[in-house]
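Spelled out, the chains give:
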Amino acid sequence: MTVRKAIFPAAGLGTRFLPVTKAQPKEMLPLVDKPTIQYGVEEAIASGIEQVIMVTGGGKRAIVDHFDRSVDLEHYLRERDRGDLLQILAEVDRLSEQVDITYIQQKAPRGLGDAVWTARRLVEGEPCAVLLADDVILCENNPVLKQLIDAHAKTGATVLAVRRVPRSQVSRYGIIATNGSHDGLHEVTDVVEKPSAEDAPSDLAALGRYVITPAVFDELSRGTPGAGKEIQLVDAIKRTIGRHHVVALEFEGDYYDTGTVPGYLRANLMLAMKREELRGELEPLLRELLQNRD
Ligand code: G1P
């Protein structure tokens, strides 16, 4: 079955970014000049997704407005002959023409697994993608979600995107255990949410992209809390292992963890340096800063 739908859990409170997230969703924080969540929506569209399901909570109105038309702003810009800026608005509007964006509310912050479970009736019986917009992954050719969808088409399995991380960082991620790989795919034998460095079964971390099968929803229906007393997506995936095939793909692409303040600043700097018009100004500034530090 093809993967047509992608769930975007976007109900988090963004506490790592307070105070800026007090009255604004963290998904709307800019990476250079585009909100973080837009990178994810663009990736989903480029991967052939037809419906994006945003699981939101209170205070997320700005996300809805961002993907909607702004007739007032268009009118204002048209009157002032600002075709250049209208063009930018048109690019955002085109996204919601290429994909249906549906919103559903998570009633309480009970964890990633619960957020995904909230979307169950909208994906009933279908394999679907899950995309964590904090994890921005940029690929020259084949978007990472498409790499996962292709792996699912080949195997029929639940697929996780993984990358090796330093042992000192394993406690931030879901970590897989594998008994070997073929065709570039690891056979997953276990997944542990946020293990300590000593207990981690490997250094292969799940980085925010999944294709999950209906069996994972069956497990989520139990609502069993895990690490941090939250309902974890990887716990539900783990419970399907043995009866259902689970694989992990070491993806290709540039990964930016925008979910922490240092990671977010790094992503902004690196993406700005890729833009020619900004690099000209930034490069001398960075040199000057480095020279003048004591
Ligand atoms: C979530 C998942 C974790 C995954 C991580 C990737 O954790 O629960 O398994 O490795 O995203 O960024 P969070 O970052 O929300 O704590």
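Residues numbered from 1 in each chain as written. Predicted model: local features only at pLDDT ≥ 70, side-chain atom pairs only at ≥ 80, totals over all residues. Heavy atoms only, no water.

### Quick word on the site of the ligand
The line we're drawing: Distances are taken per atom, and a residue is near a molecule or strand as soon as one of its heavy atoms is within 4 Å of it. Any pair of N or O atoms that falls within 3.5 Å is considered a polar contact. Within protein, one atom must be able to donate a hydrogen and the other to accept it, and sequence-neighbouring residues count only if both atoms are side-chain atoms. Note on areas: these come from Shrake-Rupley sampling with a 1.4 Å probe, and a residue is covered only by the protein chains present in the view.
What surrounds the ligand is the set L112, L132, D135, Y173, G174, E193, K194, A206, G208, Y210, Q232 and V234. The side chain of E193 places a nitrogen or oxygen atom 2.6 Å from an oxygen atom of the ligand. The side chain of K194 places a nitrogen or oxygen atom 2.8 Å from an oxygen atom of the ligand. Here the ligand loses 80% of its free accessible area of 380 Å² to cover by the protein chains.

### Considerations on the pattern of salt bridges
Which entries qualify depends on this criterion: Only one rule defines a salt bridge in this text: a Lys or Arg side-chain nitrogen within 4 Å of an Asp or Glu carboxyl oxygen. Numbering goes from the N terminus for both helices and strands, where a helix is a DSSP run of H or I of at least four residues and a strand is a run of E of at least two. Using a 1.4 Å probe on the protein chains alone, a residue whose accessible area is under 20% of its type maximum counts as buried, one over 50% counts as exposed, and one in between counts as partly exposed.
In the structure shown here, the tally under the stated rule is 26 salt bridges. For K238, the salt bridge goes to D190, with nearest N and O atoms at 3.1 Å. In this pair, K238 is assigned in helix α9 (residues 233–240) and D190 in strand β10 (residues 185–193), connecting sequence segments 48 residues apart. Looking at K238, the relative accessible area reads 33%, which means it is partly exposed. For D190, a relative accessible area of 24% corresponds to the partly exposed category. The residue E193 makes a salt bridge to K194 at a minimum N-O spacing of 2.7 Å. The class of K194 is partly exposed, set by a relative accessible area of 43%. Here the salt bridges share partners, and the residues they tie into one network are R4, K5, E50 and E126.

### So, helix α11 (residues 276–292)
Counted only if it meets this: Expected span of a helix: the number of residues minus one, times 1.5 Å. What the bend at a residue measures is the angle between two axes, fitted to the seven residues ending there and to the seven starting there.
In a regular helix each residue adds 1.5 Å, so 17 residues correspond to 24 Å; α11 covers 25 Å between its end C-alpha atoms and thus fits that length. The largest bend in α11 is about 30°, located at L282, with the proline P284 one to four residues further on. Where burial is concerned, little of α11 is hidden: one out of the 17 residues are buried.

### Overview of the side chain of E193
Operational definition: Whether two residues touch is decided by their heavy atoms; if any such pair falls within 4.5 Å, the residues are in contact.
Here E193 is to be found in strand β10. One polar contact links E193 to K194, side chain to side chain, over a distance of 2.7 Å. Leave out the neighbours within four places in its chain, and E193 touches Y173, G174, A227, Q232, V234 and D235.

### Quick look at the nonpolar core
For the record, the criterion: Only buried residues count toward a nonpolar core, which is a set of Ala, Val, Leu, Ile, Met, Phe, Trp, Tyr and Cys residues joined through side-chain atoms within 4.5 Å.
F8, I37, I49, V52, M54, F67 and F251 are the most contacted members of the largest nonpolar core, which totals 42 residues. Breaking this core down by element, the ones donating at least two residues are β1 (5–10), α1 (36–46), β4 (51–56), β6 (128–131), α7 (144–155), β8 (158–164), β11 (204–212) and β12 (246–250). It is α7 that contributes the most residues to this core, five residues altogether. Those residues in contact with I49 that lie beyond four places of it in its chain are V3, R4, K5, A6, A44, V99, A129, L145 and I149. Core analysis: the next-biggest nonpolar cluster, separate from the first, contains 29 residues, L160, L204, F217 and I237 among them.

### Remarks on the packing of aromatic side chains
In plain terms, the rule: Two aromatic rings from Phe, Tyr or Trp, using only the six-membered ring of Trp, form a pair when their centres are within 6.5 Å; if the ring planes differ by under 30 degrees the pair is stacked, by over 60 it is edge-to-face, and anything between is tilted. Lysine NZ or arginine CZ positioned within 6 Å of the ring centre and within 35 degrees of the ring normal marks a charge as sitting over the ring.
Tallying each qualifying case throughout the model produces one aromatic pair. Between F17 and Y264 the ring centres are 5.5 Å apart and the planes differ by 80°, which places this aromatic pair in the edge-to-face class. A residue pair is termed long-range when its members are at least 10 positions apart, and F17 in the loop between β1 and β2 (30–31) and Y264 in helix α10 (residues 261–273) qualify at 247 residues. Taking the ring centre of Y76 as reference, the NZ or CZ of R80 above it sits at 3.9 Å. Positioned above the aromatic ring of W117, the side-chain terminus of R120 is 4.2 Å from the ring centre.

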